[in-house]
Amino acid sequence: MIKKKNCLCFLVSFTSLNVTYHTQKNLLEEISKEFDRLYIINIDNLQFFSKEKNYEFSDEIKNKPDNIVLFNPKNSTEFENFHKDKFLIAINNFGKTFLDFKVHLLLNRKNIVQIQCKNIGNIQMDENVNYKHILLTLNYLILNRFFRKLTTFFSLIGIVKKFEISFISDSNILRAIKSKNFKNFLYKNKLLFTKEFCLVNSRHFDELKKIKKISNNYIVHIDYYLNYNHETRLRGKFSDDRIKKHHDLVYKFLNILKKKLNKEVKICIHPLYPLDYFKKHYKDFEVIKYKTKDMISNADLVTFFDSSSIVDAILLDKKIFSLSSTYMGKNERIHSTVYSKKLNIINIELSNFKEEDFENLYQKSSKYNQKFQDFKKTYHQFDPTENGYSKIIKTIKSRFY
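In what follows, the accompanying structure is described. Remember, predicted model here, so these are calculated numbers, not experimental data.

Looking only at helices and strands, the chain has 19 helices and 13 strands in total. The C-alpha atoms of the chain give a radius of gyration of 22 Å, which matches the 21 Å a tight globule of 401 residues would have. If you line up the chain on its principal axes, its C-alpha atoms span 75 × 50 × 50 Å. A buried classification covers 53% of the 401 residues belonging to the chain. Contacts in the chain between residues at least 24 apart in sequence constitute 77% of all its contacts with a sequence separation of at least 6. A total of about 20,100 Å² of accessible surface is found on the chain, and carbon and sulfur atoms cover 50% of it.

Structure (structure tokens):
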């Protein structure tokens with residue numbers, strides 16, 4: 001019998017690979033230095049109702065290390081053939097939706113070890129359903145929320161493979177488990193979906209330590225795409241007129257900031273957002289992708305609606321305004337106030353903003369914020385001597401090799 005070779009792989013949808021590679025670049029490329037090969041495997045064709053897709057990869061992916069290999073199986077059979085002579089340790093980077101359920105069944109059938117890297121360090125947010133759009137709501141409740149619970153249940157009876165270990169940077173997770181006797185009992189007996197949680201430094205914290213240049217040269221606005229699919233799946237698309245009114249509010253506000261601070265405005269957007277769309281709405285400002293971290297490190301003031309990138313501004317103790325707009329949907333409006341409420345960040349409703357209020361708000365945002373320091377201790381820094389990715393790699397080697 002041929003002995004199978006241990007191989008590390010990263011399971012992800014190629015549809016979102018440009019974003020995932022960008023955000024996980026440090027981890028993936030550090031792994032490539034420590035292992036002979038890392039396979040990045042596309043799950044799109046392993047899901048229910050898969051369709052052939054064309055992918056356009058970013059320059060970061062095109063210039064990846066040679067031993068990071070992209071594998072795009074056409075179907076489950078091709079994946080199984082690939083797996084025949086390998087013992088796969090899979091870093092799971094997908095969810096528990098209905099479409100993903102087929103992938104979970106496949107991984108269990110092939111007895112593939114799964115681990116998870118969730119050391120992001122951001123505040124998680126729930127989605128509120130909208131019963132005005134009953135069909136969209138039912139679709140979400142059944143195919144997303146129900147299947148999350150179903151997948152977890154099936155892991156208890158051996159139909160779905162559990163995570164062996166999940167690397168996290170949110171200490172609240174372990175604290176919540178240990179504070180409840182029943183949940184702590186389940187955890188100690190490895191009955192939860194994740195058998196073990198391991199606290200490591202957050203990705204944001206490790207990456208910011210590498211930044212050499214920090215200044216206050218710019219106003220950085222992290223913008224939000226109102227018709228992004230995460231929002232439209234619950235309430236449908238907004239009209240062009242509503243979107244224009246929203247961006248007109250933002251544009252007017254940013255011009256006031258530019259005049260008051262006499263600094264350039266830089267618009268940073270998510271890698272999956274359409275660049276031309278934002279350039280159309282902000283013709284006088286530079287719109288930037290893939291450089292949000294660098295821009296924040298050189299910002300005097302950072303404004304945002306809802307973005308995990310705001311974590312970088314918090315870790316650097318930047319001045320921050322959280323923004324809300326009457327033209328946003330219910331979920332977006334709720335999400336835009338989460339960081340404001342939890343971390344005492346000033347929230348500005350753009351429709352009510354008056355230019356004469358700016359100086360007072362700016363001075364308030366300049367004051368020392370103890371909640372920023374508490375946030376760092378709770379979500380980000382647990383070991384001053386070892387990077388998160390270093391601990392992840394060491395643990396994978398010691399447990400599975």
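Within the open sheet, the 6 strands sit side by side as E10-E9-E8-E11-E12-E13. Their pairing is parallel. Of all the strands in the sheet, the pair left with one neighbour each is strand E10 (286–289) and strand E13 (346–349). Each adjacent strand pair in this sheet contributes to an overall mean axis angle of 30°, direction not counted. As paired elements, strand E9 (residues 264–269) and E10 share 4 bridges and run parallel to each other. Counterpart to Cys268 in the pairing with E10 is Ile288. Across the sheet, helix H11 (residues 240–261) lies against strand E8 (218–222), E9, strand E11 (299–304), strand E12 (319–324) and E13, angled at about 165° from E11, the strand it touches most.

We now examine unusual backbone geometry. One non-glycine residue with positive phi stands out, namely Phe49, at about 55°. Within the element layout of this structure, Phe49 appears in the loop between strand E2 (38–42) and helix H3 (59–62). Accessibility expressed as a relative area gives 69% for Phe49, which makes it exposed. Even without a glycine there, the phi angle at Asp317 is positive, about 55°. With respect to the element layout, Asp317 can be found in the loop between helix H14 (310–315) and E12. Note on Asp317: relative accessible area 43%, which makes it partly exposed.

Another point: the state of the cysteines. Enumeration over the complete set of coordinates arrives at 0 disulfides. Free of any disulfide, Cys9 has its nearest cysteine sulfur in Cys7, 8.4 Å distant.

Our focus in this paragraph is the sheet that holds strand E1 (residues 5–12). Working definition: the strands of a sheet are paired by backbone hydrogen bonds and lie parallel or antiparallel to each other. Spatially, the 7 strands line up as an open sheet ordered E3-E2-E1-E4-E5-E6-E7, and their pairing is parallel. Unpaired on one side and paired on the other, strand E3 (68–71) and strand E7 (197–199) mark the two borders of the sheet. On average, each strand axis in the sheet is inclined to that of its neighbour by 25°, with strand direction left out of account. The pairing of E2 with E3 spans 4 bridges and is classified as parallel. Paired with Leu38 across the bridge in E3 is Ile68. The strands that helix H4 (residues 76–83) touches are E2, E3 and strand E4 (86–92); relative to E4, the one it contacts most, it runs at about 120°. Running over the sheet, helix H19 (residues 388–400) touches E1, E4, strand E5 (113–118), strand E6 (163–168) and E7 and is turned about 165° from E6.

Moving on, we get to the side chain of His83. Assignment of secondary structure puts His83 in helix H4. Among residues more than four places away in sequence, those in contact with His83 are Lys4, Leu88, Lys110 and Ile112.

Counting residues in each nonpolar core, the largest one holds 35 residues, and the members touching the most others are Phe253, Phe321 and Ile348. Elements represented by at least two residues in this core include exactly H11, E9, helix H12 (275–281), E12, E13 and helix H17 (358–365). Ranked by residue count, the leading element in this core is H11, at 8 residues. Excluding residues within four positions of it along the chain, Ile348 makes contact with Phe253, Phe321, Ser322, Leu323, Ser324, Phe353 and Leu361.

Before going further, it helps to examine the side chain of Thr378. Take Thr378: it is sitting in helix H18 (residues 370–379). Residue classification places Thr378 among the buried positions, given a relative accessible area of 19%. Excluding its chain neighbours within four sequence positions, the residues that come into contact with Thr378 are Ser169, Asp170, Ser171, Asn172 and Arg175.

Reading guide: rules and limits
Residues numbered from 1 in each chain as written. Predicted model: local features only at pLDDT ≥ 70, side-chain atom pairs only at ≥ 80, totals over all residues. Heavy atoms only, no water. Helix = DSSP H or I, 4+ residues; strand = E, 2+ residues; numbered from the N terminus. Rg over C-alpha atoms; globule rule 2.2 N^0.38 Å. Buried < 20%, exposed > 50% of the residue type's maximum accessible area, 1.4 Å probe, protein only. Contact = heavy atoms within 4.5 Å. Areas by Shrake-Rupley, 256 points an atom, 1.4 Å probe, with all protein chains shown as cover. Pairing = 2+ DSSP bridges. Axes fitted to C-alpha atoms, helices over the stretch in contact; angles between N-to-C directions. Disulfide = S-S within 2.5 Å. Core = buried A, V, L, I, M, F, W, Y, C linked by side-chain atoms within 4.5 Å.

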